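Listed below, chain by chain, are the residues.
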Amino acid sequence: MTLQLVDHHCHAVHGGELPDDVFASWLTESDRSPAAGTSPWDSSLGLAVRRWCPPVLGLEPWAGPEAYLARRRELGAAAANSRLLQAAGLAEVLVDTGLDGPGLLAPADLAAQAGAGWREVVRVEAVAERLQGTTAEHWARDVAAALAATGATAFKSVAAYRCGLDLPGERPSPAEVANAAGDYLGAGGGRLTHPVLIRQLLWTALESGRPLQLHTGFGDPDVTLHRADPSLLTPFLRAVEPLGVPVVLLHGWPYHRQAAWLAQAFPHVYADLGLTLGHVGPAAPRVLGEALELAPFGKLLFSTDAYGLAELYLVGSRNFRAAVQEWAGGAHLPQAEADRIARLIGCENARRVYGLTP
Amino acid sequence: MTLQLVDHHCHAVHGGELPDDVFASWLTESDRSPAAGTSPWDSSLGLAVRRWCPPVLGLEPWAGPEAYLARRRELGAAAANSRLLQAAGLAEVLVDTGLDGPGLLAPADLAAQAGAGWREVVRVEAVAERLQGTTAEHWARDVAAALAATGATAFKSVAAYRCGLDLPGERPSPAEVANAAGDYLGAGGGRLTHPVLIRQLLWTALESGRPLQLHTGFGDPDVTLHRADPSLLTPFLRAVEPLGVPVVLLHGWPYHRQAAWLAQAFPHVYADLGLTLGHVGPAAPRVLGEALELAPFGKLLFSTDAYGLAELYLVGSRNFRAAVQEWAGGAHLPQAEADRIARLIGCENARRVYGLTP
Amino acid sequence: MTLQLVDHHCHAVHGGELPDDVFASWLTESDRSPAAGTSPWDSSLGLAVRRWCPPVLGLEPWAGPEAYLARRRELGAAAANSRLLQAAGLAEVLVDTGLDGPGLLAPADLAAQAGAGWREVVRVEAVAERLQGTTAEHWARDVAAALAATGATAFKSVAAYRCGLDLPGERPSPAEVANAAGDYLGAGGGRLTHPVLIRQLLWTALESGRPLQLHTGFGDPDVTLHRADPSLLTPFLRAVEPLGVPVVLLHGWPYHRQAAWLAQAFPHVYADLGLTLGHVGPAAPRVLGEALELAPFGKLLFSTDAYGLAELYLVGSRNFRAAVQEWAGGAHLPQAEADRIARLIGCENARRVYGLTP
């Protein structure tokens, strides 16, 4: 556990006491109520929480949900969060600040509890949706200025949710963008789904020189899974290759092998298993192994994609650490090689891609 | 072996003596003659039959096909079927009666030999194809009446074979249905492939309040695999969510991860690995594990999808039992947790979804 | 190691001394320079080279790249190649002669160094691109004559790279072909990408009665991955089934399960994991196992897809041998069964498909 990880994609956690059903709702990507007779605890992610978290709060592994939540309340949310976050062993966190809600800790508070440094990842769609007083013909310029004005270490896009990843490669023309912006603003703005404007955002973000994270693969019910296959991004990835700016394909599952191949094929493409390694719980070694079939070890980045629960930071960290060692054992690797590869994926690749200093 | 399973999707078995080539033909999804020099026994399903079935007939595991078939004939089909079915440990079977043929046992006889209760699953396409004396404008009404008149515990659709799963979500309008029915009936009826009529059948089935099973993934050469990806059903699944009626995605392979995600995302969606866990033989632990990466344990249902051979009931049952225990071992689960999850998937989820009483 | 393999799909190796960066460039499918701070050695294929090759050159397994390359130079390329090729244990190699370049060994020299027999596999696109003095109306006839005049034991197509695999099934009409040939020749010939001409080539190749190998799945950055899914070939495979000529789906990853199902469904379809089993290194047992979930054991063929480096012959051979034994162990197979299945996949299926005599 001496390896301190760089978590290059994560979110805020809730700082207060949580009702049981709210806690459980963060154990699934579904935003619906669970089907009658079922519980989000009964899942691979639920098992991972029960394996890794109770010992950090002073219980035996596999404590049941009731016992665990009772102990969490006994300690108080602040103490529990602090124990869990510190046990995750994080050197630095890159926090996507695009998910907001009451009770969530500010990134600086999260980082302080984790004993880690922090940077901001900014969602391009959120920046565009907050633009005030722009016009169709100035939308492109104003969005570029707003992105430039952020303190983002990297940008992130949820194009997969908004219009799917089967985007044409070419940069849209100024006239196309102005027309699309006219339609968007004319309809009152709000949630941005216009594929032309999304493409414009992606190009603008990359032209800033800052790495771009792209959601791919599974997520909440709003995503249409096959339209989030990262292979659909190929024309776009080819078109932006000359910019030489890193594009990081997040999550990927069940298309993580596709993301891994893209990371081998294109120098500017990187892959991540953030949301994936947490959710798949005991299957983390296999899924990591599937990504490492083709992904160069210098092109895969650790993250937790944790959101809401400090438990998800610990689960992401422990699943990754256990998975990389189990993978290395199955590959008959010498321990020094296993540790070297764990360092690449766990922190060194992220430092190089985002220009962080240890 | 004390866990008695509910097999929520299976078919009739042949009650008589079988020529060698007919037996072998039930070990593959292909309806073609095997390529020269090859045998369906040389497959993962063939290995599973050779692992699990010979001991039940008094032979050593891994007996060769000739020795096995000779012993089967020595015992007689009725005695062999009875031993195999009882060894499967089934509490209840939900039999899809849409596959017919000479020599197949009636569901009641199958259930009696297995020592299990039984219910009927009715194929919606078969009901529509058997309709007599209907007209274009009355087709929708008559199909609804015919479905309502069945004793089905659940309905099943093979839309994947007929028109693929990339269906629009919306219920077709009465005029669209009447037009399509006019085309279908005008061409003499028969095999139903019209996407509008298939959609109408799916909506009508769900509006009856009975669970709907949908074939997804691999099958015989008639299916075009990528058009059977359950992710293609997403618009339909979103559209029928307000009905609150269970939709069970059968088989899934090689898109079982996609089905698992749909089962997590949508409360009314369930997943199954019936045909899959039999066919993949020694790979059953991995494939079950892949489904359990995202599928909540309350949303996956055991079945055998057995057809023709009593052996396929035993193989499905043994593969499932072995797979769930191996999966749990790999996850370092306490035995009581492993057994609890086996019970959920093996019988309790099906009882809840289909309203069965133990 | 007594099993002598038939490598039914492979390429030339370089006969001379290699600069470090050229050696490394053959460890990835990417034709780009590696991203700053990364090395192609840091990959599953790199690990496989370090596991299997150093002992053949007199070093310990897991020797680092520098030590390995130094020892290789000390021995000289000819001696190193000879040691590596002979250690691969090959009875026969079917060499795709469509990849050319300075310094590559002729197939006869490669085979002599390996102590193996050899045959030629001819790329249909290369034959068509070399045609001289043809016309639009004679293109079909001249291509057929040129293919017939080759000494090919089998043909190969890279349609996946040229136009993707979502091809209509039907044979194009003579008028369509003449029109397309007119467009192609009118534009000066060169790289052939016209889908009508590609289809014509595939049909012509199969009508010669010789097996046809088709690239599917991953490859260099020129391929668009989801358009190389072998499932897209289904209409074409159905259309050519009456010809009864073998079609071998190469590589497949990450769609190797789709290829496996096609090999079960259609008697004339075979699957291969050539490029795949080399690249995935320590994951070879899992990936082989995934293919064997549905592929009949009489329908999967070993190959290395080695190109450039003799190391890739050894890696492909060792990965396959280790994978099949590990797969069999996981399946609890008796050793005699494991060895029998290894022989089928390793040499006997290829002998039957290509009409080779041992």
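Data block above holds the structure.
Criteria and cut-off values
- Residues numbered from 1 in each chain as written.
- Chains lettered and ligands numbered in written order.
- Predicted model: local features only at pLDDT ≥ 70, side-chain atom pairs only at ≥ 80, totals over all residues.
- Heavy atoms only, no water.
- Helix = DSSP H or I, 4+ residues; strand = E, 2+ residues; numbered from the N terminus.
- Rg over C-alpha atoms; globule rule 2.2 N^0.38 Å.
- Buried < 20%, exposed > 50% of the residue type's maximum accessible area, 1.4 Å probe, protein only.
- Areas by Shrake-Rupley, 256 points an atom, 1.4 Å probe, with all protein chains shown as cover.
- Lys, Arg positive; Asp, Glu negative; His and termini not counted.
- Charge placed at Lys NZ, Arg CZ, Asp CG, Glu CD.
- Pairing = 2+ DSSP bridges.
- Least-squares fit on C-alpha atoms with pLDDT ≥ 70 in both.
- Contact = heavy atoms within 4.5 Å.
- Buried area = accessible area lost by both parts, 1.4 Å probe.
- Salt bridge = Lys/Arg side-chain N within 4 Å of Asp/Glu carboxyl O.
- Polar contact = N/O pair within 3.5 Å; in protein donor to acceptor, adjacent residues only side chain to side chain.
- Nonpolar A, V, L, I, M, F, W, Y, C, P; charged D, E, K, R; others polar.
- Phe/Tyr/Trp six-rings, centres within 6.5 Å; stacked < 30°, edge-to-face > 60°.
- 1 Å grid on protein atoms, 1.4 Å probe; cavity = no way out; pocket = protein on both sides within 12 Å on 5 of 7 lines; lining within 4 Å.
- Points joined across faces, edges and corners; volume = space filled by probe spheres on them.

### Considering the overall build of chain A
Item 1. Within chain A one finds 16 helices and eight strands.
Item 2. For 358 residues, the compact-globule formula gives about 21 Å, and the C-alpha radius of gyration of chain A, at 20 Å, lands near that figure.
Item 3. Each principal axis of the C-alpha distribution contributes one length, and for chain A these read about 60 × 45 × 40 Å.
Item 4. In chain A, which comprises 358 residues, the proportion classed as buried is 64%.
Item 5. Working note: accessible area of chain A is about 11,400 Å², and carbon and sulfur atoms make up 53% of it.
Item 6. One finds the centroid of the 28 positive side-chain charges in chain A at a distance of 4 Å from the centroid of its 37 negative side-chain charges.

### Notes on the sheet that holds strand 1 (residues 5–10) of chain B
All names here are of chain B.
Item 1. Strand order across the open sheet formed by eight strands is 1-2-3-4-5-6-7-8, with parallel pairing between neighbours. At either end of the open sheet lies a strand with only one pairing partner, and these are strand 1 and strand 8 (300–301).
Item 2. With three bridges joining them, strand 6 (residues 247–251) and strand 7 (residues 269–272) adopt parallel strand pairing. Residue pairing for strand 7: Val247 is matched across the bridge by Val269.

### Section: the relation of the copies chain B and chain C
Item 1. Overlay of chain B on chain C (RMSD 0.0 Å): rotation 120 degrees, translation along the axis 0.0 Å. The relationship between the two copies is best expressed as a three-fold rotation axis. Distance from the rotation axis, computed per C-alpha, reaches its smallest value in chain B at Arg286(B): 5.3 Å.

### Let's talk about the interface of chain B and chain A
Item 1. The partner chain A presents 36 residues to the 34 residues of chain B that form the contact.
Item 2. Taken together, the two surfaces of chain B and chain A that pack against each other cover about 2,800 Å², and 55% of this comes from carbon and sulfur.
Item 3. When the buried area of chain B at its contact with chain A is split by residue, Arg257(B), Trp261(B) and Glu293(B) rank highest and sum to 22% of it.
Item 4. The tally of links between chain B and chain A comes to five salt bridges.
Item 5. Notably, a salt bridge pairs Arg286(A) with Glu293(B), separated by 2.9 Å at the nearest N-O pair.
Item 6. Counting across the interface, chain B meets chain A through 18 residue pairs in polar contact (both at pLDDT 80 or more).
Item 7. When contributions to the side of chain B that touches chain A are tallied by element, the ones reaching two or more residues are helix 11 (234–240), helix 12 (256–265), helix 14 (284–294) and helix 16 (335–354) of chain B.

### What about the side chain of His268(B)?
Residues and elements named next belong to chain B.
Item 1. As for its placement among the helices and strands, His268 is situated in the loop between helix 12 and strand 7.
Item 2. At 3.0 Å, the side chain of His268 and the backbone oxygen of Leu237 are in polar contact.
Item 3. Among residues more than four places away in sequence, those in contact with His268 are Leu237, Val240, Glu241, Val245, Pro246 and Val247.

### Section: the pattern of salt bridges
Item 1. Counting across every chain of the model gives 60 salt bridges over all chains.
Item 2. Across the salt bridge formed by Arg162(A) and Glu129(A), the nearest N and O atoms sit 2.7 Å from each other. Pair noted here: Arg162(A) is in helix 8 (residues 159–162) and Glu129(A) is in helix 6 (residues 124–130), with a separation of 33 residues, a long-range link.
Item 3. Members of the salt-bridge network, linked through shared partners, are Asp42(A), Arg50(A), Glu337(B) and Arg340(B).

### Some remarks on the interface of chain B and chain C
Item 1. Of the residues lining the interface, 36 residues belong to chain B; the matching set on chain C comes to 34 residues.
Item 2. Counting the contacts that link chain B with chain C gives five salt bridges.
Item 3. Note that Arg340(C) and Asp42(B) form a salt bridge whose closest N and O atoms lie 2.7 Å from each other.
Item 4. Here chain B is connected to chain C by 18 residue pairs in polar contact (both at pLDDT 80 or more).
Item 5. Elements with a minimum of two residues in the side of chain B that touches chain C: helix 2 (44–56) and helix 14 of chain B.
Item 6. Tallying contributions element by element places helix 2 of chain B first for the side of chain B that touches chain C, with four residues.
Item 7. Among the residues making up the side of chain B that touches chain C, the classes are represented as 15 nonpolar, 12 polar and nine charged.

### A word on the relation of the copies chain B and chain A
Item 1. With an RMSD of 0.0 Å, chain B superimposes on chain A once it is rotated by 120 degrees and translated 0.0 Å along the axis.
Item 2. In this assembly, only 6% of the residues forming the interface of chain B have copies in chain A that are likewise at the interface, indicating a heterologous arrangement.

### Thoughts on the packing of aromatic side chains
Item 1. Taken as a whole and judged by the stated rule, the model has 27 aromatic pairs over all chains.
Item 2. An angle of 80 degrees between the planes, with centres 5.6 Å apart, marks the rings of Phe297(A) and Trp327(A) as edge-to-face. One end of the pair, Phe297(A), is in the loop between helix 14 (284–294) and strand 8 (300–301); the other, Trp327(A), is in helix 15 (residues 310–330), and 30 residues separate them in sequence. For the residue pair Phe297(A) and Trp327(A), the accessibility class agrees, reading buried in each case.
Item 3. Geometrically, the ring pair formed by Trp26(C) and Tyr307(C) is edge-to-face, given 6.0 Å between the ring centres and 80 degrees between the ring planes. Taken as a pair, Trp26(C) in the loop between helix 1 (20–25) and helix 2 (44–56) and Tyr307(C) in the loop between strand 8 (300–301) and helix 15 (310–330) lie far apart in primary sequence, 281 residues in all.

### A closer look at empty space enclosed by the protein
Item 1. Scanning all chains against the criterion turns up 11 cavities of 30 Å³ or more.
Item 2. Volume-wise, the largest cavity comes out at about 160 Å³.
Item 3. Across the lining of the largest cavity, the residue classes tally to eight nonpolar, seven polar and two charged.
Item 4. Taken as a whole, the second largest cavity encloses approximately 130 Å³ of empty space.

### Looking at unusual backbone geometry
Item 1. A cis amide bond, omega 0 degrees, links Trp253(A) with the succeeding residue Pro254(A).
Item 2. With respect to the secondary-structure elements, Pro254(A) resides in the loop between strand 6 (247–251) and helix 12 (256–265).
Item 3. A positive phi angle, close to 70 degrees, is found at His251(C), a residue other than glycine.
Item 4. Its location among the elements puts His251(C) in strand 6 (residues 247–251).

### So, the environment of Leu288(B)
Item 1. For Leu288(B), the location among the structural elements is in helix 14.
Item 2. Each C-alpha atom, one on Leu288(B) and one on Gly298(B), is 14 Å from the other, the two residues being 10 residues apart in sequence.

### Notes on the environment of Ala128(A)
All names here are of chain A.
Item 1. Take Ala128: it is sitting in helix 6.
Item 2. Through-space distance from the C-alpha of Ala128 to that of Ala140 is 9.6 Å; in sequence the pair is 12 residues apart.
Item 3. With residues up to four places along the chain from it excluded, the contact list for Ala128 reads Trp139, Val143, Tyr184, Leu192 and Leu201.

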